[in-house]
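The chain contents come next:
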Amino acid sequence: MRVVVVGATGNVGTSVVRALAADGGVTSIVGVARRLPGWRIDRTDWRQADVATADLTRIFDGADAVVHLAWLFQPTRDPATTWRANVLGSMRVFRAAAEAGVPALVHASSVGAYSPGPKDRPVDESWPTHGWPGAAYGREKAYVERVLDVFEHDHPNIRVVRMRPGFIFQRAAATEQRRLFAGPFLPRRLVKAGRIPFVPDIPGLRLQALHAEDAAQAYRLAVVKPVRGAFNLAAEPVLDAYELARLLDTRTVRVPRGVATAAVAAGWHLRLIPAAPGLLELALRVPVMKIERAREVLGWQPRYASEEAIRELFEGLHDGAGMETAPLAPDAGPVARVRELATGIGGRP
């Protein structure tokens, strides 16, 4: 098989490329990214391309599958830019896959595409995917789901798979996630078990996480198996404030939802953090997902518990971990953080 991975240098993309390269049935991989990486891996060629402007049909020509992972989280202060990259860019990816005659398309949706739902019982893939309108991420993920509805109707000969993972972590992506969501003012030395003063116990704080390697195996299976439709992806257990506090060797402090969202909003408006306040609201509203379909249809079983993925995140944050791609570049110290400040803290990609 020849597989094209769009967005191949980020948290999930690097893991998907590794998983595909280790599969004997995949003969060649094309990694597509806006910025070419220094990282090299067997049977993988790199193409520099922006999904919003590049001739993707030419890149997809001859592919047996396209895995679409590209997604722009920043700038949160310019939603027109993220819409152009994420929604219009996804539409260009889908159109190019059809024009190139690619028989399989695997798209990275998200738990964030789901409408608000229950935290006390899991929902399956039939739960509505209308997102949360207060967050650009949820709006964009939900809109792309509607685009895929039309695409599947118009192209029944193309096998379409939608992955809806929970929060994906690994050590190598910790610095990227700090840059995207926490910003330059988070001190590395304090991000360690026993040093964090408390975990806020916010109503609705129940999250599902998984390791990037486990997510990558699910994508690999979706490429090589003749499956269709949506798959929820998450590891056990579901994480709440008490479980997070146990992992971080600290205590919980009850924080009303309104206080928490007001604090994040203040930090964002004061340009102290890059994450828009709607992201916290989204996390507090998304449902808990059932993952039986991924187990039964894909044959997927996560190797890492959700606690292990979280532990890697915090160890990576403390160590400034990363790898040789632009999105996953390691923490380069004070000079690099000054450059982050120059972006306006969420003002530029």
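Residues numbered from 1 in each chain as written. Predicted model: local features only at pLDDT ≥ 70, side-chain atom pairs only at ≥ 80, totals over all residues. Heavy atoms only, no water.

Before going further, it helps to examine the sheet that holds strand S1 (residues 2–6). Here we have seven strands laid out as an open sheet, ordered S3-S2-S1-S4-S5-S6-S11, and parallel in their pairing. A strand with exactly one partner marks an edge of an open sheet, and here the two such strands are strand S3 (44–48) and strand S11 (229–233). On average, each strand axis in the sheet is inclined to that of its neighbour by 20°, with strand direction left out of account. In terms of strand pairing, strand S2 (residues 28–33) meets S3 through five bridges, oriented parallel. Note on S3: the bridge partner recorded for Gly31 is Trp46. Along the sheet face, helix H1 (residues 11–21) touches S1, S2 and S3 and points at about 170° away from the line of S1. Along the sheet, helix H6 (residues 212–224) contacts S1, strand S4 (65–68), strand S5 (104–108), strand S6 (159–165) and S11; its crossing angle with S6, the most-contacted strand, is approximately 170°. (Pairing = 2+ DSSP bridges. Helix = DSSP H or I, 4+ residues; strand = E, 2+ residues; numbered from the N terminus. Axes fitted to C-alpha atoms, helices over the stretch in contact; angles between N-to-C directions. Contact = heavy atoms within 4.5 Å.)

Glancing now at the nonpolar core. Val5, Met163, Tyr219 and Leu298 are the most contacted members of the largest nonpolar core, which has 42 residues in total. Where this core is concerned, the elements lending two or more residues are S1, H1, S4, S5, S6, H6, S11 and helix H10 (292–298). The element contributing the most residues to this core is H6, with eight residues. Not counting residues up to four positions away in its chain, the partners in contact with Tyr219 are Val12, Val16, Val67, Leu69, Val106, His107, Ala108 and Met163. One finds Val30, Phe60, Val147 and Leu282 within the second-largest nonpolar core, a separate group that totals 38 residues. (Core = buried A, V, L, I, M, F, W, Y, C linked by side-chain atoms within 4.5 Å. Buried < 20%, exposed > 50% of the residue type's maximum accessible area, 1.4 Å probe, protein only.)

Remember, this is a structural readout, not a statement about activity or role.
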